[in-house]
Amino acid sequence: MERNIVLIGFMGSGKTSVGKKLSMDLKREFIDMDDFIEKREGMSVNEIFDKKGEDYFRNAERELCVRFAEAKSKIIATGGGVIKSDENVENLKKGGVIIYLKSTPKQIAHNLRHDNTRPLLAGGNKEEKIAKLMAEREPIYNKCADIVLDVSNINIEETIEKIKEILHINV
Ligand code: S3P
């Protein structure tokens, strides 16, 4: 399968962990968008939002998605907000199959209980912020996904097995 495997979903739904392990299993290159942008900028996502602003970060995401339209055989973990732009979704779809790792605000709040690397969830009640943003994002995730995978009750290994099963990959 030459098409990229593109993981989308809310922050803390497991895109990076699943993508990293899947890439080792399938011996394919893994790209984590946040990580790529952080390395290029020499700053954390928090610092980029703080010093350069969210628009700057979104533009870096946009440029990467343009490149992914032409890429092949990659496993890509996107940032949770990448699907807010139709142009990004089009580019990601051009190069790959889009898998939505769907989870619940409760599970995500649990996964991110010790996390302080997400500027959009900083300050205030985290679970409330997650629920509010999820309500806005959920319809978009559902709409642009080729495959929706409920990961709220399964672990990383089970998620990977399901992905291989759905994509008919035997490794
Ligand atoms: C964001 C998600 C984050 C990161 C940034 C903004 C979002 O990525 O890109 O903090 O808008 O949902 P993860 O989904 O990898 O946490």
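A quick note: this is a predicted structure, and the numbers were derived from the prediction, not measured.

Q: What exactly am I supposed to notice about the site of the ligand here?
A: By nearness alone, 13 residues border the ligand, and Lys 15, Asp 34, Arg 58, Gly 80 and Arg 118 come closest of all. Arg 58 has a polar side-chain atom sitting 2.7 Å from an oxygen atom of the ligand. Measuring from an oxygen atom of the ligand, one finds a side-chain N or O atom of Arg 118 at 2.8 Å. Protein chains bury 97% of the 390 Å² of accessible surface belonging to the ligand in isolation.

Q: Mind showing me how you'd approach the sheet that holds strand β3 (residues 75-77) here?
A: Backbone hydrogen bonds hold the strands of a sheet together, and the pairing may be parallel or antiparallel. An order of β2-β3-β1-β4-β5 is seen for the five strands of this open sheet, with the pairing classed as parallel. Only two strands of the sheet have a single neighbouring strand rather than two, namely β2 (30-32) and β5 (147-150). Neighbouring strand axes in the sheet, compared pairwise and without regard to direction, differ in orientation by 20° on average. Examined bridge by bridge, strand β1 (residues 4-8) and strand β4 (residues 96-102) share five bridges and lie parallel to one another. Each bridged residue has a counterpart across the sheet, and for Ile 5 the counterpart in β4 is Val 97. Sitting on the sheet, helix α2 (residues 33-41) is in contact with β2 and β3, with an inclination near 70° to β2.

Q: Honestly, unusual backbone geometry in this entry has me stumped. Any pointers?
A: Both trends apply: most residues other than glycine have a negative phi, and most peptide bonds are in trans. Its identity is not glycine, yet Ser 73 carries a phi of approximately 60°, on the positive side. For Ser 73, the location among the structural elements is in the loop between α4 (54-68) and β3. Its relative accessible area of 25% is what places Ser 73 among the partly exposed residues.

Cut-offs used in this document
- Residues numbered from 1 in each chain as written.
- Predicted model: local features only at pLDDT ≥ 70, side-chain atom pairs only at ≥ 80, totals over all residues.
- Heavy atoms only, no water.
- Near = heavy atom within 4 Å.
- Polar contact = N/O pair within 3.5 Å; in protein donor to acceptor, adjacent residues only side chain to side chain.
- Areas by Shrake-Rupley, 256 points an atom, 1.4 Å probe, with all protein chains shown as cover.
- Pairing = 2+ DSSP bridges.
- Helix = DSSP H or I, 4+ residues; strand = E, 2+ residues; numbered from the N terminus.
- Axes fitted to C-alpha atoms, helices over the stretch in contact; angles between N-to-C directions.
- Contact = heavy atoms within 4.5 Å.
- Buried < 20%, exposed > 50% of the residue type's maximum accessible area, 1.4 Å probe, protein only.

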